[in-house]
Every structure is written in C-alpha cells, then in structure tokens.
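Structural overview
So you can see what is in the structure, the chains are spelled out below.
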2 protein chains.
Amino acid sequence: MSVQTPQSLRARLNLDVRVNTRVVKIDTAKKNVTARDESTGAEAVISYDELVLAVGAEPFKPPIPGIDRPGNFALRNLQDMDSIVGWIDKKQKALKDEKMHCIVAGAGFVGLEMVEQLLRRNMTVFVVEMMPQILGPLDPEMAAILERDLVDAGVNVVTGDAIKEIRQAVASSDPEASEVVLGSGRVLPPSQMVILGLGVRPDTKMIADAGIPCTPRGHIVVDDEMKTSVANVWAVGDAIEVNNPMLPDPEERWAVPLAGPANRQGRMVADNIFLNAKRKYKGTYGASVVRMFKNIASCVGMNEKMLKAKGLPFESVHVHPGSHAGYFPGAKAINFKLIFNPQTGQIWGAQAVGEDGVEKRIDVIATAMQGGMLVEDLANLELCYAPPVGSAKDPVNMAGMAAQNLVEGLVTQVGTGARTIQELLKDPQVKILDVRNPSEIEATGPIMEGAINIPLNDIRSRIDELDKDGKYVITCLSGQRGYYAYRTLKQKGFKHIDNLSGAYKTWGHTLTRPSDAK
Amino acid sequence: MSVQTPQSLRARLNLDVRVNTRVVKIDTAKKNVTARDESTGAEAVISYDELVLAVGAEPFKPPIPGIDRPGNFALRNLQDMDSIVGWIDKKQKALKDEKMHCIVAGAGFVGLEMVEQLLRRNMTVFVVEMMPQILGPLDPEMAAILERDLVDAGVNVVTGDAIKEIRQAVASSDPEASEVVLGSGRVLPPSQMVILGLGVRPDTKMIADAGIPCTPRGHIVVDDEMKTSVANVWAVGDAIEVNNPMLPDPEERWAVPLAGPANRQGRMVADNIFLNAKRKYKGTYGASVVRMFKNIASCVGMNEKMLKAKGLPFESVHVHPGSHAGYFPGAKAINFKLIFNPQTGQIWGAQAVGEDGVEKRIDVIATAMQGGMLVEDLANLELCYAPPVGSAKDPVNMAGMAAQNLVEGLVTQVGTGARTIQELLKDPQVKILDVRNPSEIEATGPIMEGAINIPLNDIRSRIDELDKDGKYVITCLSGQRGYYAYRTLKQKGFKHIDNLSGAYKTWGHTLTRPSDAK
C-alpha cells in the first residue's frame, strides 16, 4: 500500500508527480532535466526554477564473477522484495521437502533483518561478513551478543571472510543453484539464493556528469543549507555527505544513509526554497536501531573503531541495568555502553543491546548529544520512573555516573577503552580479584583461571590477604561491586588497582593471559 | 525482599544503620540527635559531623470526621501494603460471595495504581477526586482518555467532589463498614475499605522545632547544594523544595516528590560532604509516568493549569502518531501534547497517553528541556528509527514541527492553548470545516452539528463553496490534513481561519456551541 499516489498528490498539493520516470540528463545552464518514461521510452525536457536531487543510494554490488547470476538479489524497494518472495516460493516448491539454502552477504542492518525473515521461511542461512564481527556500527563486544543470538537460531555465521566469486553449483541438479567461494578459499554449500546486504552507494554518475560536484565515493557535495555549488540545485538524503557534529573539525563530513535525517533534510530544503528560511543542517549523529529475533540493538554517535582511527581520546563504560525496576515482573537486562572523552566529558556515542527499553535509552543519549550535554549531565538527568517502565536510577544515569567517576578520577579502569584488559594481562604480575560471592562464581565458573576471590562484604575483614603494592584488576558481576571494592582498597592505600568495566557480564570467560593463548 | 540489610551495609560500607529507630530531637548547637528505639523505647544521643535529613513525606490525612476509622489506609511503605492485603483477605473471607467495596480518595498516581490492583482483587471501586479531572499533572483533555479507561473497567469515578466525612455504615451488619459522605452531600454505598491517595506532606515539625527553616507547608528550605541555613545540616528528597528551572525567576521553588530526583540529590549531597564537590542541583522538571491497565500516561514540566496560574505565555499542539511505523504490525496510537512558549520556542512541558512508546517520548522531551533545546530543535531531533520501534518522523519530531509552524506563523490554531476552541465557538459566525472524507465522518459522526465537509483533496476544486471572508475552524482526524487545508486556503486569500489542534482525535464529540449547551 502506498501512502500517496500521483493522483492524490495532484489533488491535495497540486504536485505533478511522474512515477516510473527517470531523469537521464541535467542541464544546469538551461535549468532543465531530460526525463525518460521507463515504460514507453519517451523523453521529455522539463524546466525547473529549483532542482532538488533526492536520488537516494543503491545497494552495493561488488564487481566479482557471478554477481549477476540468477538467485542473486539486493534489497532496495518493494519491487525487490516482491522478486525475492517470488523466487523463494518458486525454489521452495521445486525443492519440495528439501531445505532451501540462502547466503546473506553482509551482516549490517539490512542483512540481519533479512536473516530473521529467511529463517521464518524455514531456510538454512549462511551470513558472510568481511569484518571480524557482525553489525559494524557496534563495537565487537556488543555485536558478540547478537552473534550468539544468530548462532543459537541456527544461522551459520562466517566473519572475517568475503564473497570472492559466485558460480554455478555443479553438485546441484538445479542450474540456477550457486556455489559461493570466499576470499579464504572456503566454498559454501550450494544455495538457491544470495542476498547482497553490503551497504549502499549513491548512483550519481549522471549528476557528476552534469557538473554538480560529487566526492570520490560519489556523494553529492552540499553546504549546510543543502545547496550544491551549482545555482538552484539542492540535494538531500542518502546521496549526500553531511557534517559530523561530533568531530572537532566542523568541515569533516560523513555519509549516513538513514531515513530520519533524509526526512528532515527534505523538510529543511522545502523551507529554504519556499520560505527562504536559510535553515542550516546541524549534522547527523547516526542514531539507529535494528530488531533481530527478541533482541534490539541500537547505537548513536561514534564507536571505538572510529575514534581509534581518528586518534581521538576516548573511554568507555559498560553497565548492565534492567529495563525497569528489578522487583517489578518482566524486567530485561540491557547491555549498555557509553563512550566519551575522558578529558572533557563530551559524549562520543552509546550502544545498547537487549530485549526492552533499548532504543529508548539511545534516544535519550542522542538527544543529550544534540543538546551538547556532557556525561555529568547524564548522571544528573531527570527521566520518568515508575516500576513497570524504569528505575529511579535509569540506565542512562548509571552509565553517566560510572563515566563521571572516571572523568573525576574516583576510579581507574580497564576494559575496551583507553586501557584494554587484554593489554594489561600481558603483565604477569597483574592479578584478577573477583569480589562476587563464592556461590556466584560456582554458578558461572571463574572469569579467568587463577582469579582471587574475596566477596565484597569481606574485603575489609580480609584485606590482609592482599598485597598493598600488588597489581589488581577488580571484577564482579556487572562492575558496581568492583567499584565499591576499588574505593575501599584505594582508601586503604592500594595504588596499582583498576576496576574492570562491565565485569563478568561484559567479559564472560573471554579473558586469557597471552601465555594461555594457544 | 530488601536490597540491603544493616548487616550487609556494615560489612560492605562500614555504615552504622539503625532500623526501627526514630530521631525525636535535633540539637544543632551541640551537633547531636536523640534517637528512640521504637521497639524498646530506649533513647540514645548520637553526635554528628554532618547531618542529612532524608525524612521523606507522609501520606496526607485530611482532618475530617472518621479519618481514623478501621478500614482506612494510606500507602507509604511495604508495611502499609501488608496491612491492606491482610484487611482485604479478612473482609473478603467474611463477605463470602458478596463483592467487597472500596473507596479510593484521590485520583493521582498512587490512587490510580491502587484502583487497578483493587480491581484485580475483584472489588467494586469508587474513585473520589476533588478536582474536576483525574490525574492532576495532566491537562483535562489528556486525563479524559484515562478516565474513559477507568469507566470502561467498571470503576465509579466521581470528580469535582471530596470526602467530607467517613462514618459507620448503618445499613451494614459489619460495624467496621464505612459510609463516605462527600462535600456535595452525596453518600456513597457502604464500603469495607477507604484508601487515601491524597498526596504527601513532609512531616517536619520536629525539624522546624530544632530551628531548621521550613516553608509554611512544611518543606525544609535548602540552597542549590542541598544545605539548610544551619551549619552542617543538609536535606534531600520529598521533604524539600527545589528550584523550578522552567520559570524565569531562578528563586521560584516547588516540591516534586519523585524517587529519581531524590536518588540523585542523595548522591549529590554525599559528593558535597565527602569530596567538598560543591555540586549544585539544577532543579526538578517533574518527569513522571504511571501505568494504568493497558495505557501508560507520562508527563514532564508545566501543564496549562500551572502556566495559566503563573500568567506565562503558552501554546499547545496535539498530535496522534503511532508508536512505530504504521505499516509494521502492532503500532499503538499515542496521544501527545507539547506545551511551549510561542514567543521564544521554550518547551514548557509535554504529556502523552497510549499503550506503547509513551514515556520514551517524554524522556526525550525531558532531556531536551534539560539541554535547553527549543521546539525547533525537537523538529530537527535525530532519533532512532526502525519500523518495529519508531517512525522516520518520530512523534517528538511531529510535535516539534507542529509547534515550529505555530512559532513561525505558518499556521494559526485554536485548541486548549492560548486561544481555546470553546471561546471561539461563542462567535456564531465561526463555522467548522471538516476536511475528512465523507466515509470517515459517517463512521464517527460529525465532530459538531453543522460542520461543513469538504475533503482535503477537493478543497482546491470546491473552493468557491467557501467564503473568503468567512471565519472557519478547520478540522480533520488528527490535525495534519487540517494544516494542509489551512495552508491552501491561506494562499488563496482566506484571512479568518484557524486549524483545530488535535482535531477529532483530541476533541471527539465534545465541541458545542454555547447556545447548544443545556
């Protein structure tokens, strides 16, 4: 169902909408475009006073052998979806009781949403992702939560490898069946369908040919009012680069293909054209969310990978609060990560994964970032609380408080941020001090072989068992009791201690001594 | 289950916690308190370096005849709840198959949460509220949505009337049964229980007697660091007044008994005492939420009633978006109201009612208010979007855009705000122009008798049916099509037109001409 039709838009807003019609040429000197009716081939020249380029972006098709084989699909619009559904119906009918196989190339938002739907259609699914993790906007330890979901659901996840060739599967009697060859040389079992979820690229050759400046990657260059450098030509949406308001350099740009920013850019350009409003776009923060099975993953801003690449100072805290007060039934755990500049308190970004209340917290962080708030403002933020929907200390507050403690020097930590636990463990003198209760450790197993255990409530009475000059990384279940233990030991004169951000809930059994690694 | 015990807090933090012990006297000159053990009656004098008053507030018990009758309960703590549950068990057992009756005095957060639980216990429930509406933090048209829920659930709702007397019910064989007499003279049927949900009052007589300044209503006076004017004495929580950061006068204060602010004030005072951090409390915005049956109601900031009382300029927009994209299954309608200063764009507050995604949007508004953002910032706000959890234009964006249109003069409106529809309808020349489709009007009935109907898409072709100098209030289902019609007519030279904020979804069939009112 379409929201509007050409007829309704004509009646309502006096618009002349031509569907199934492609602009094939722009003449910015004569101020006209040549439009081709895709069904008849007839071309018409249409003049303009102002031209808005809202051409979007196309799914990326890598130039590899076999990319145009039957059964390969990308997903941009409803027609693509109809084609995919039709193909599945046809193949499943032919396969009868045999399970259809599908390869999804790319484990980003679109790829993962497809995986869920393919499983619902009772297929065997492979996901192939070039990066060493799925869902690139998240940092690895956050993406790992979703990867476990995928594996639990029976999906074959291949990371750190890419599709190199798609060729006819000789082992199959179906000439349309494909065999996917990976960069590593691995050959995946024959499949009846390949879905390309490798991100999007703007398709702007015709626009660049018209003399409208585009970046090397093909994004149309616009200023903050969404004007190109060519008079009376504007551009919006997935085809443009926008400013990254988180970076110190106001000229630094990035491309963020999201529906929300595109919508607001459209409204802004209309105001700038019709009202001469001179509104300026303030940049895109990359607030995004995806639901996969029962989990929702959401993030905003810059992740550690981007910050490392830019050489910017950052620190991260991990907290694991409930979606609402724990004593009210139905609370779900949220894995929450806040990334910030430890020198200034500026919020770089946040990531969260869980079953409930996830994107709500990211929306709050996104709003705080747009309001120029700092981590201490998150600690003090007033949010709604009632037991069925929140906590008196909201997850956002908890993360803000943990970050503020770091910024103000009340605690030092290791984790994924500036000082990684993996790096610290290279020092054989560093000991892990787990302050959980023995029953908890028995239930989960130790966080690492050789970890010392003194429960938090015994730290004061058993402090003599510890060496004041020793190096300790303190851990517990989520990081909070570790913080208390840290403060107690610090006040008793311990100098070489750190709290482990996120503790067992973030790290599970992934910690190893370099010497342990096989 | 308690989160901590005196023993665990002693072990963990070396705290000396004395439960069941009441401070009966404070000597600020000698810097000590007298504490009485409530079980033994023994008193002890305890000296302090710093004294933090976190005494909370008590449920208000009005001084009316019969207030201490058996079966009257207020609800502050778990012991109260145990007493209530015990009483219900006893009475229901005695009543056998007969339904137990309960009167809830006060339709605020606590009263309404009690109503839901009492219905689950299979009682006949009356709610008596002195104000002409339930849930005072909301404006009347928003509270009306929840009031319909209550009535639909079989609750007897009495507004604009208050409990004057509680007396023995002579018609009952149970001498503990009560008869509630209202201010209007109405006598409610005999009931076995009366729950007092009339708000809270600080119980600070002992504190004022110690020379620590309190307001006439009993709130402890503190500065922004939570210090009283007495050396080494601090106060936090429901017993204090805090600044209202929304008002122009930074000295203006209000009392907002909420758990979130109390929590953060506690942390702040600890930092100010132990770290000499000199943190300043930035005020309370009143972000709150309550779940009642399937609906969630949430609000933040100042409502129209408060703004009228203060004589501050305000305007309100009503929007009715879905909790997420309409084409994805399971979207629920949100009734959303944004209140703002039309001269400056400052956000005064917001209110929302619906089944899903309600407090999420209020949390975003609350964050925006704390970040000093304006309504145009809400229009431009970047929030997470994926079809299962949001919309490319989020409800917050929609409300911000509607408000921005008003601030910038693109539209004039009537509604609940500066210019009310009720006031305008006193002018007999004002006509209602409904731009919905005839089938929609047939389904709901007209918004008001005598309303003209021209569907939006016919406005341009049927404009001659309208009088360019006539006075029209334009309405549709939610207000959006009305806006389009307004803009079309405005461009065609119509001068005396207004859009109806919220349209049919806000007003239903409540509109009447003064002459129609019986």
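I will try to describe carefully the structure that is included in this document. (Residues numbered from 1 in each chain as written. Chains lettered and ligands numbered in written order. Predicted model: local features only at pLDDT ≥ 70, side-chain atom pairs only at ≥ 80, totals over all residues. Heavy atoms only, no water.)

**Let's talk about the overall build of chain A**
Tallying secondary structure elements over chain A gives 14 helices and 26 strands in all. When the backbone C-alpha atoms are referred to their principal axes, chain A occupies close to 90 × 65 × 40 Å. By the burial criterion, 52% of the 518 residues in chain A qualify as buried. In chain A, the proportion of contacts linking residues at least 24 apart, taken out of those at least 6 apart, comes to 59%. Across chain A, 59 positive and 62 negative side-chain charges occur, with their mean positions spaced 1 Å apart. (Helix = DSSP H or I, 4+ residues; strand = E, 2+ residues; numbered from the N terminus. Buried < 20%, exposed > 50% of the residue type's maximum accessible area, 1.4 Å probe, protein only. Contact = heavy atoms within 4.5 Å. Lys, Arg positive; Asp, Glu negative; His and termini not counted. Charge placed at Lys NZ, Arg CZ, Asp CG, Glu CD.)

**Quick look at the interface of chain B and chain A**
Counting residues at the interface gives 62 residues for chain B, matched by 61 residues for chain A. Each partner contributes to the roughly 5,500 Å² buried at the junction of chain B and chain A, and carbon and sulfur atoms together form 53% of this total. Summed over the shared surface of chain B and chain A, the result is eight salt bridges. Among the salt bridges present, the one from Lys360(A) reaches Glu359(B), with a minimum N-O distance of 2.6 Å. Counting every contact that joins chain B to chain A gives 30 residue pairs in polar contact (both at pLDDT 80 or more). When contributions to the side of chain B that touches chain A are tallied by element, the ones reaching two or more residues are helix 1 (6-13), helix 6 (259-274), strand 17 (288-292), strand 18 (295-301), helix 8 (358-370), helix 9 (375-379), helix 10 (395-407) and helix 13 (480-491) of chain B. The dominant element in the side of chain B that touches chain A, judged by the number of residues it contributes, is helix 8 of chain B, at nine residues. A breakdown of the residues in the side of chain B that touches chain A according to their chemical character gives 29 nonpolar, 18 polar and 15 charged. (Buried area = accessible area lost by both parts, 1.4 Å probe. Salt bridge = Lys/Arg side-chain N within 4 Å of Asp/Glu carboxyl O. Polar contact = N/O pair within 3.5 Å; in protein donor to acceptor, adjacent residues only side chain to side chain. Nonpolar A, V, L, I, M, F, W, Y, C, P; charged D, E, K, R; others polar.)

**Concerning helix 13 of chain B**
Between its terminal C-alpha atoms helix 13 of chain B stretches 17 Å, which fits the 16 Å expected from 12 residues at 1.5 Å a residue. Regarding helix 13 of chain B, the residues found buried are Arg481(B), Gly482(B), Tyr483(B), Ala485(B), Tyr486(B), Thr488(B) and Leu489(B). Residues of helix 13 of chain B that are buried make contact with helix 1 (6-13) of chain A together with helix 10, strand 23 (430-434), helix 12 (438-444), strand 25 (471-475) and strand 26 (496-500) of chain B. One or two residues past the end of helix 13 of chain B sits Gly493(B), with phi positive at roughly 100°. (Expected span 1.5 Å × (residues − 1).)

**Focus: unusual backbone geometry**
With a phi angle near 75°, Met226(A) is a residue other than glycine that sits in the positive phi range. Mapping Met226(A) onto the fold places it in the loop between helix 5 (205-209) and strand 14 (233-235).

**Considering the packing of aromatic side chains**
Working definition: an aromatic ring pair is given by the centre-to-centre distance plus the angle between the planes. One pass over the full model with this rule turns up six aromatic pairs over all chains. Judged by centre distance (5.8 Å) and plane angle (65°), the rings of Phe73(B) and Trp87(B) are edge-to-face. Here Phe73(B), found in strand 6 (residues 72-74), pairs with Trp87(B), found in helix 2 (residues 78-95); they are 14 residues apart in sequence, far enough to count as distant. Judged by relative accessible area, which is 14%, Phe73(B) ranks as buried. Assessed through its relative accessible area of 10%, Trp87(B) is described here as buried. Between the aromatic rings of Tyr472(B) and Phe494(B), the centroid separation amounts to 6.3 Å while the plane-to-plane angle is 55°, which identifies the pairing as tilted. Of this pair, Tyr472(B) sits in strand 25 while Phe494(B) is found in the loop between helix 13 and strand 26, placing the two residues 22 residues apart along the sequence. Judged by relative accessible area, which is 4%, Tyr472(B) ranks as buried. The ring of Tyr504(A) has Arg436(A) sitting right over it, with the charged end atom 4.6 Å from the ring centre. Sitting over the face of the ring of Phe60(B), Arg201(B) holds its NZ or CZ atom 4.1 Å from the ring centroid. (Phe/Tyr/Trp six-rings, centres within 6.5 Å; stacked < 30°, edge-to-face > 60°. Lys NZ or Arg CZ within 6 Å of the ring centre and 35° of its normal.)

**Some thoughts on the sheet that holds strand 21 (residues 347-354) of chain B**
Residues and elements named next belong to chain B. Reading across the sheet, the five strands line up as 17-18-21-20-19 and stay open at both edges, with antiparallel pairing between neighbours. Because the sheet does not close on itself, it has two edges, and the strands there are strand 17 and strand 19 (315-319). Strand-to-strand, the axes of this sheet are offset by a mean angle of 10°, without reference to chain direction. On the sheet, helix 10 packs against strand 19 and strand 20 (334-340) and is oriented at approximately 140° with respect to strand 19. (Pairing = 2+ DSSP bridges. Axes fitted to C-alpha atoms, helices over the stretch in contact; angles between N-to-C directions.)

**Concerning the pattern of salt bridges**
Once the charged atoms of two side chains with opposite charge are near each other, the side chains can pair. All names here are of chain B. Applying the stated criterion across every chain, the model contains 69 salt bridges over all chains. Lys337 is the salt-bridge partner of Asp139, the closest N and O atoms lying 2.9 Å from each other. Placement of Asp139 in the loop between strand 8 (124-129) and helix 4 (140-152) and of Lys337 in strand 20 is noted, with a sequence separation of 198 residues between them. For Lys337, a relative accessible area of 0% translates into the label buried. Measuring nitrogen to oxygen at the nearest pair gives 3.0 Å for the salt bridge that ties Glu179 to Arg167. Pair noted here: Glu179 is in strand 11 (residues 178-182) and Arg167 is in strand 10 (residues 163-168), with a separation of 12 residues, a long-range link.

**A short note on the relation of the copies chain B and chain A**
Its rotation angle being 180°, the transformation that places chain B on chain A also includes 0.0 Å of axial translation and leaves an RMSD of 0.1 Å. Taken together, these values place the two copies in the relation of a two-fold axis. Interface overlap between copies is the fraction of interface residues in one copy that are interface residues in the other; for chain B against chain A it reaches 98%, indicating a shared surface. (Least-squares fit on C-alpha atoms with pLDDT ≥ 70 in both.)

**Side note on a nonpolar patch on the surface**
Together, Leu13(A), Leu15(A), Val17(A) and Val19(A) make up a nonpolar patch on the protein surface, roughly 290 Å² of accessible area in all. The topology assignment puts Leu15(A) in the loop between helix 1 and strand 1 (21-27). (Patch = residues over 30% accessible without salt bridge, like charges linked within 9 Å, V, L, I, M, F, W, Y side chains within 5 Å. Areas by Shrake-Rupley, 256 points an atom, 1.4 Å probe, with all protein chains shown as cover.)

**Details of the pairing of strand 12 (residues 193-196) of chain A**
All names here are of chain A. Because side chains alternate across strand 12, one face comprises the buried residues Met193 and Ile195, and the other comprises Val194 and Leu196, equally buried. Taken together, the three bridges between strand 6 (residues 72-74) and strand 12 define a ladder with parallel strand orientation. Looking across to strand 12, one finds that Asn72 is bridged to Val194. Of the strand pairs in this sheet, strand 7 (residues 101-105) and strand 12 are connected by four bridges, and their pairing is parallel. Paired with Ile103 across the bridge in strand 12 is Val194.

**Quick word on helix 8 (residues 358-370) of chain A**
All names here are of chain A. With 13 residues, helix 8 should cover 18 Å at 1.5 Å per step; its first-to-last C-alpha distance of 19 Å lies within 8% of that length. Most of helix 8 sits inside the fold, with 13 of its 13 residues counted as buried. Looking one or two places after helix 8, you find Gly372, whose phi comes out positive at around 70°.

**Observations concerning the sheet that holds strand 3 (residues 43-47) of chain A**
Residue and element names in this part refer to chain A. Taking strand neighbours across the sheet as the criterion, the three strands line up as 1-2-3 in an open arrangement whose pairing is antiparallel. Every interior strand has two partners, whereas the edge strands, strand 1 and strand 3, have only one. Neighbour-to-neighbour, the strand axes of the sheet open up by a mean angle of 30°, direction not taken into account. Direction of pairing for strand 1 relative to strand 2 (residues 32-37): antiparallel, over a ladder of six bridges. For Lys25, the partnering residue across the bridge sits in strand 2 and is Thr34.

**Regarding the environment of Asn335(A)**
All names here are of chain A. Structurally, the position occupied by Asn335 is in strand 20 (residues 334-340). Each C-alpha atom, one on Asn335 and one on Ala352, is 5.4 Å from the other, the two residues being 17 residues apart in sequence. If we skip the residues at most four places from it in the chain, Asn335 touches Met142, Ile145, Val319, His320, Gln351, Ala352, Val353 and Lys505.

**Quick notes on a positive patch on the surface**
Residues and elements named next belong to chain A. The grouping of Lys468, Lys490, Lys492 and Lys495 at the surface amounts to a positive patch. Examined against the element boundaries, Lys495 turns out to sit in the loop between helix 13 (480-491) and strand 26 (496-500). Assessed through its relative accessible area of 55%, Lys495 is described here as exposed.

**Observations concerning the environment of Thr204(A)**
All names here are of chain A. Inspection of the secondary structure assignment puts Thr204 in the loop between strand 13 (200-202) and helix 5. Placed 16 residues apart in sequence, Thr204 and Ile220 show a C-alpha to C-alpha distance of 7.5 Å. Setting aside residues up to four positions removed in sequence, Thr204 forms contacts with Val55, Cys214, Gly218, Ile220 and Ala239. Among the polar contacts made by the side chain of Thr204, one reaches the main-chain carbonyl oxygen of Gly218 at a distance of 2.5 Å.

**Re the side chain of Asp27(A)**
Residues and elements named next belong to chain A. Relative to the assigned elements, Asp27 resides in strand 1. Of the side chains with opposite charge, Lys30 comes closest to the buried, unpaired Asp27, at an N-O distance of 4.1 Å. The residues contacting Asp27, other than those within four sequence positions of it, are Asn32 and Tyr48.

**Thoughts on the packing of helix 8 of chain A against helix 8 of chain B**
Running from amino to carboxyl end, helix 8 of chain A crosses helix 8 of chain B at an angle of 20°, the nearest separation of the two axes being 9 Å. As far as their axial angle goes, helix 8 of chain B and helix 8 of chain A are roughly parallel. Crossing handedness for the pair helix 8 of chain A and helix 8 of chain B: right-handed. Within the contact between the two elements, helix 8 of chain A uses Glu359(A), Lys360(A), Asp363(A), Val364(A), Thr367(A) and Ala368(A) and helix 8 of chain B uses Glu359(B), Lys360(B), Asp363(B), Val364(B), Thr367(B) and Ala368(B). Of the residues in the contact of helix 8 of chain A with helix 8 of chain B, the class split is four nonpolar, two polar and six charged. (Parallel < 35°, antiparallel > 145°, perpendicular 65-115°, else oblique. Left-handed = near helix turned anticlockwise from the far one by under 90°.)

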